[in-house]
There are 2 protein chains.
Amino acid sequence: MDRHFQRELESLKTTLIKMASMVEENFLLALRAVMEKNIELTHKVIETDKRIDKLELEIDDAVIDLLALQQPVASDLRFILAALKINNDLERIGDHAVNIAEATDILVQYPDAELLEEIPQMAEIARNMLKDSLDSFIQVDPSKARAVLKTDDKIDDLNRQVAHKIIEHVKNNSKTAELGLEISRISRNLERVADLTTNIAEEVIFYIQARVVKHHAEEKDQK
Amino acid sequence: MDRHFQRELESLKTTLIKMASMVEENFLLALRAVMEKNIELTHKVIETDKRIDKLELEIDDAVIDLLALQQPVASDLRFILAALKINNDLERIGDHAVNIAEATDILVQYPDAELLEEIPQMAEIARNMLKDSLDSFIQVDPSKARAVLKTDDKIDDLNRQVAHKIIEHVKNNSKTAELGLEISRISRNLERVADLTTNIAEEVIFYIQARVVKHHAEEKDQK
């Protein structure tokens, strides 16, 4: 095996881990922005997302170079394609972090309103799913990725619970319509983040076991 | 150039076009399901989506085989990677079609309610964006793809307009909370479909011009 090629694979892995940490941190910052109704943090999230977008393109370029110059096969090829897809999923999670942070624009108009308790619960679960799916990639451990796939239902349940609560709330107090719509937007973005972590988990399993788990037994509930 | 390889590239293109037609038809069926409040059509959409998911995996497999066995470079490599990403975007559009169709479950409980006029407008625009982005891929014509990127703002505006109307409506009649939340869900799914067509347009331009347009000048409004 070409040592230069091995170094390039390692370098791709390192850059992807950097991308993952940036996305995870920005996601947590977005959560803080809405929980603290802090518009300054929202601006920071938007700024960081631009750097995340740039890094996504760099990783894409690295992948294309690796494929073109090294023409990898077997498990190296699977690793590189998994990196390409995980990279894309991470960038999308970054976009959802921006969507979540932008809710602050509306939330600051309701200084006394509290977010539903389900929101931080969902955020905590989504964050752990993200962490576990990436750990399973780095540690080449498919069991963690499989655990992520099982957790997705919890988020879906909480998302439904939030929608239900908001409807009841708005029925009793129509002035909360705008706020309700915004909290439902946060909830759905959290649900989408969780969904993207299951994509990552599926990619990891594909890379490790060359077994396609997508769209199979677990058939995710689409929301 | 290897003739066998050329045939395989053609076959990949044909399968991707088949995938695109299935997704487009299912998207239109989902729209009919909600406009006509017809739950039978919703079931059809869900059934077809399973076939779409299966086809996505077949295309993914074909791409991996092509990369592993043919080790393509230059524009062939770019074409194959674009196909991989477009395939993924199409599958996601399929998921949004299911989300839209599932709104029928709620809508049938409000037999007299009409959808906002913006919904069919958004659907029409999203559908044309999908069609144009795929045409530009098939016809190797980047100008259509560029036009798609410019259209995305219209959908974002309409989505905001829908949110605004719903909030006003629910404020005046709190009983419409559930219905309002559901219509906003349809609107957001349409907005996401449009967003995915811009992804496809960007991939097409990348394939044709080897120029990355993502995250650049046009910096899409993230919603």
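What counts and how
Residues numbered from 1 in each chain as written. Chains lettered and ligands numbered in written order. Predicted model: local features only at pLDDT ≥ 70, side-chain atom pairs only at ≥ 80, totals over all residues. Helix = DSSP H or I, 4+ residues; strand = E, 2+ residues; numbered from the N terminus. Rg over C-alpha atoms; globule rule 2.2 N^0.38 Å. Buried ≥ 20, exposed ≤ 12 C-beta atoms within 10 Å, placed from the backbone. Contact = placed C-beta atoms within 7 Å. Expected span 1.5 Å × (residues − 1). Least-squares fit on C-alpha atoms with pLDDT ≥ 70 in both. Nonpolar A, V, L, I, M, F, W, Y, C, P; charged D, E, K, R; others polar. Core = buried A, V, L, I, M, F, W, Y, C linked by C-beta atoms within 7 Å. pLDDT = per-residue confidence, 0-100. Axes fitted to C-alpha atoms, helices over the stretch in contact; angles between N-to-C directions. Parallel < 35°, antiparallel > 145°, perpendicular 65-115°, else oblique. Left-handed = near helix turned anticlockwise from the far one by under 90°.

Summing up its helical and strand segments, chain A has seven helices and zero strands in all. Across chain A, helices and strands are ordered from the amino to the carboxyl terminus as α-α-α-α-α-α-α. Scaling as 2.2 N^0.38, a compact globule of 223 residues should have a C-alpha radius of gyration of about 17 Å, and chain A matches this with 19 Å. Projected onto its principal axes, the C-alpha positions of chain A cover 65 × 40 × 20 Å. Buried positions account for 44% of the 223 residues belonging to chain A. Sequence-distant contacts in chain A: of pairs separated by 6 or more residues, those separated by 24 or more amount to 80%.

Quick look at helix α7 (residues 177-209) of chain A now. Between its first and last C-alpha, α7 of chain A extends 48 Å over 33 residues, near the 48 Å set by a 1.5 Å rise per residue. Of all 33 residues that make up α7 of chain A, 29 are buried, and the element is covered over most of its length.

Superposing chain B onto chain A takes a rotation of 180° combined with a translation of 0.0 Å along the rotation axis, leaving an RMSD of 0.0 Å. Look at the turn and shift together and you get a two-fold axis relating the two. A share of 100% of the interface residues of chain B reappears at the interface of chain A, consistent with the copies meeting face to face through the same patch.

Glancing now at the interface of chain B and chain A. The interface is formed by 29 residues belonging to chain B together with 29 residues belonging to chain A. At the level of elements, α2 (39-70), α3 (74-102), α6 (142-172) and α7 (177-209) of chain B are the ones that each hand at least two residues to the side of chain B that touches chain A. The biggest single contributor to the side of chain B that touches chain A is α2 of chain B, with six residues. Partitioned by chemical class, the residues of the side of chain B that touches chain A number 15 nonpolar, six polar and eight charged.

With that settled, consider the nonpolar core. With 125 residues, the main nonpolar core has A30, V34 and A126 of chain A together with A30, V34 and A126 of chain B as its most contacted residues. Those residues in contact with V34 of chain A, other than ones at most four positions away along the chain, are I100, A101, A103, T104, L107, L115 and I186 of chain A.

Looking now at the environment of P120 of chain A. All names here are of chain A. With respect to the helices, strands and loops of the structure, P120 is situated in helix α5 (residues 118-138). Its 14 C-beta neighbours within 10 Å are what place P120 among the partly exposed residues. Distance in space between the C-alpha atoms of P120 and L190 is 9.7 Å, their sequence separation being 70 residues.

Glancing now at the confidence of the model for chain A. Residues and elements named next belong to chain A. Model confidence for chain A is summarised by a mean pLDDT of 90, while 93% of its residues fall at 70 or above. Confidence drops under pLDDT 50 across residues 217-223; counting only partners more than four residues distant or on other chains, this segment forms twelve contacts. For this predicted complex, the interface confidence comes out at an ipTM of 0.79, alongside a pTM of 0.87.

Okay, the packing of helix α1 (residues 3-35) of chain A against helix α3 (residues 74-102) of chain A next. Residue and element names in this part refer to chain A. Packing of α1 against α3 leaves a shortest axis separation of 9 Å and a crossing angle of 15°. Between α1 and α3, the angle is such that the two are roughly parallel. Note on packing geometry: the crossing formed by α1 with α3 is left-handed. Only D76, F79, A83, I86, N87, L90, I93, G94, A97, I100 and A101 of α3 make contact with α1, whose side of the interface consists of L9, L12, L16, M19, A20, V23, N26, F27, A30, L31, A33 and V34.

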